[in-house]
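As a plain string of letters, each chain reads:
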Amino acid sequence: MDKLQITGKAILKGSISASGSKNAALPIMIASLLSENGLYLKNLPALQDILTMKKLLENFGIKIKKINSQTFFDSTNINNSLADYDLVRKMRASILLLGPLIARFKKAKISLPGGCAIGTRPIDIHLNGLEKLGVKFSIENGFVSADVKKNLTGAHIKLSFPSVGATENIMMAASKAKGETIIENAAREPEIEDLAKCLNKMGAKIAGAGTTKIIIEGVKKLSKSEHTIMSDRIVAGTYVIAAVMLNSEFIIKKIKPDLLSTPLEVLQNMGAKLEIGNDSIKVLPSSGIKGIALKTKPYPGFPTDLQAQIMALMSVAKGSSQIKEMIFENRFMHVSELNRLGAHIKTKKDVAYIEGGRSLKGAKVMASDLRASVSLVLAGLYAEGKTTINRLYHLDRGYEKIEETLGKCGPIITRLK
Ligand code: UD1
């Protein structure tokens, strides 16, 4: 299994461009199942999760072709086969197959999904919402079976929590339901807006995506269209935090800073010097970074997907910090590994207490989930000496060849086979 060896005391030089967003790409790729004759996508990131999703879609008869800078998902002849368990279990986003499959075939059967081991991650909000559209479910032997008697029918749905995936699943199913669907307490993440934009280009009638109330007027047919995936705000935010941590002058390009307004504000409050452009963020060396207290929240709050990265920064900031994780239970698995590198972090339930000012030292560590892995990369780049990160496949799910991307900007990072 691949490992990453990082030489510490690194600095970043030059610039980096944010890749296409994984979390926007996955649901949009699944949305190709809704098109009668395919979908052209641009700016798909080169990630393991994207390859897994391609394989999963091929299971359903989608033919995928690369045509210049576009990838064509040909959905002219799709079938409703049983999704490969080995693929589904690798990715929680597989649950998003339910809505589109039911919309196309009136029934679906998929195994319960996996993904990062962060908390129990149930799917009740997905199922409750789809039930309101007329779907009947049963769960047996690790599979969810769903069917709808006649047609999906529009409904008024109020989510018990603004789940990103549930909002996307319901939005996709409702775009082909009979009549109007209203989703209240919808998640507002920008990736949902990107999915709605793509669906609208395919012929859907969705208004309000990006707000707490989404209104979907069902249509009979969705058809061929083209869409460019938005930039990855989490990848961009990770590199901003890395540059602040390494006290480097560094530019992150191809990102709308508005998408990161809360994390950028937190970093500025910690003492980071940032120059915010129209579609770039420049980090400047600062005279000192100090600790802060924050809570992760649904968008536009501080993203849980940047929690591990900012915790690495807090470990070396002056003074103490606190993080309350409000989205996922059990999302502190990076703590013990950061502590192995010299951090001083204690957790009590959903709060992490970070004592800053630590001088980190390279060590062998283990990646436990996607964002946890990259927090270890950040800590390894800062630390004195060499850090080896084991179980690299988590990192490859969300960051394009990080050793090359960051390697071009100065750090020495080697992949060991
Ligand atoms: C998406 C992102 C993930 C991000 C998360 C929160 C993708 C592919 N993944 O995940 O990177 O960390 O949003 O911003 O876009 N929940 C339930 N029942 C449900 C659904 C969710 O209890 O039916 C809970 C989850 O266990 C979790 C919380 O709600 O505690 C948030 O989950 P959700 O917003 O659904 O996240 P995902 O869509 O899985």
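Per chain, residues are indexed from 1 in the order of the written sequence. With pLDDT at 70 or above as the cut-off, local features in this predicted model cover only qualifying residues; side-chain atom pairs require 80 or more to be listed or tallied, and sums for whole chains, interfaces and linings still use all residues. With hydrogens and water stripped out, all remaining heavy atoms of the structure feed into the side-chain values.

**Things to note about the environment of threonine 167**
Then comes step 1: A run of H or I in DSSP counts as a helix once it spans at least four residues, and a run of E counts as a strand once it spans at least two, with each numbered from the N terminus. Along the polypeptide, threonine 167 turns up in helix H6 (residues 164-174).
Then comes step 2: As for threonine 167 and arginine 104, which are separated by 63 residues in sequence, their C-alpha atoms are 18 Å apart.
Then comes step 3: For threonine 167, the residues in contact, after removing those within four places along its chain, are Leu159, Ile183, Ala186, Ala187, Ile192 and Ile214.
Then comes step 4: Here the side chain of threonine 167 touches serine 163 through a polar contact of 2.6 Å, landing on its backbone oxygen. Contacts were defined at the residue level, with two residues in contact if any of their heavy atoms lie within 4.5 Å. Counting of polar contacts relies on pairs of N or O atoms within 3.5 Å, with two restrictions inside protein: one atom must be capable of donating a hydrogen and the other of accepting it, and residues adjacent in sequence are counted only when both atoms are side-chain atoms.

**A word on the site of the ligand**
Then comes step 1: Asp124, Ile125, Ser163, Asp305 and Ile327 are the nearest of the 17 residues found near the ligand.
Then comes step 2: Residue aspartate 305 places a side-chain N or O atom 2.6 Å away from an oxygen atom belonging to the ligand.
Then comes step 3: Between the ligand and the protein, one listed contact pairs an oxygen atom with a backbone N or O atom of isoleucine 327 at 2.5 Å.
Then comes step 4: Shrake-Rupley sampling with a 1.4 Å probe provides the accessible areas, and residues are treated as covered by the protein chains on show and by no other component. Isolated, the ligand exposes 740 Å² of accessible area, and the fraction of that covered by the protein chains is 85%.
Then comes step 5: Contributions of two or more residues to the shell around the ligand are made by helix H5 (124-132) and H6.
Then comes step 6: At three residues, the largest contribution of residues to the shell around the ligand is made by H5. When we say a residue is near a molecule or strand, we mean one of its heavy atoms is within 4 Å of it.

**Considerations on the nonpolar core**
Then comes step 1: Counting residues in hydrophobic clusters, the biggest one holds 146 residues, and the most contacted among them are Leu98, Met171, Leu199, Leu267, Met270, Ile310 and Val377.
Then comes step 2: Looking at this core element by element, the count peaks at 10 residues for helix H8 (residues 233-245).
Then comes step 3: Note that the domain bounds reflect an automated or database-derived domain assignment. Each of domain 1 (3-19 + 231-416) and domain 2 (22-228) accounts for three or more of the residues forming this core.
Then comes step 4: Here valine 377 is in contact with Leu4, Ile6, Ile389, Leu395, Ile402 and Leu406, once residues within four sequence places are set aside. Take the buried Ala, Val, Leu, Ile, Met, Phe, Trp, Tyr and Cys residues and link them wherever side-chain atoms come within 4.5 Å; each set so joined is a nonpolar core. Note on exposure labels: buried denotes an accessible area under 20% of the residue type's maximum, exposed denotes more than 50%, and partly exposed covers the range between, all computed with a 1.4 Å probe on protein chains only.

**Here's the deal with the side chain of serine 19**
Then comes step 1: For serine 19, the location among the structural elements is in the loop between strand E2 (15-17) and helix H1 (22-31).
Then comes step 2: Residues within four places of serine 19 in sequence aside, it is in contact with Pro45, Met230, Ser231, Asp232, Val235 and Glu400.

**Thoughts on the domain arrangement of the chain**
Then comes step 1: The domain architecture assigned to the chain consists of domain 1 (3-19 + 231-416) and domain 2 (22-228).
Then comes step 2: Counting from both sides, the interface comprises 22 residues of domain 1 and, opposite them, 21 residues of domain 2.
Then comes step 3: Buried area, as used here, totals the accessible surface that two parts lose on assembly, with accessibility defined by a 1.4 Å probe and the loss added over both. Surface buried jointly by domain 1 and domain 2 totals about 1900 Å² across both partners, of which 55% is contributed by carbon and sulfur atoms.
Then comes step 4: On the domain 1 side of the contact with domain 2, Tyr299, Arg397 and Glu400 bury the most area, a combined 32% of that side's loss.

**As for the sheet that holds strand E16 (residues 280-284)**
Then comes step 1: Taken together, four strands build an open sheet; the order of strands is E2-E14-E16-E15 and the sheet is mixed. Sheet topology places E2 and strand E15 (273-276) at the edges, where each strand pairs with a single neighbour. Geometrically, the sheet is characterised by an average inter-axis angle of 20 degrees between neighbouring strands, direction not taken into account.
Then comes step 2: Strand pairing is assigned whenever DSSP identifies at least 2 bridges connecting the two strands. In terms of strand pairing, E2 meets strand E14 (residues 250-253) through three bridges, oriented parallel. When the bridges of E14 are listed, serine 15 appears paired with isoleucine 251.
Then comes step 3: Axis angles are defined between N-to-C directions and span 0 to 180 degrees, where every axis is a line fitted to C-alpha atoms and, for a helix, only to the segment in contact. Across the face of the sheet, helix H9 (residues 261-269) comes into contact with E15 and E16 while running at roughly 145 degrees to E15.

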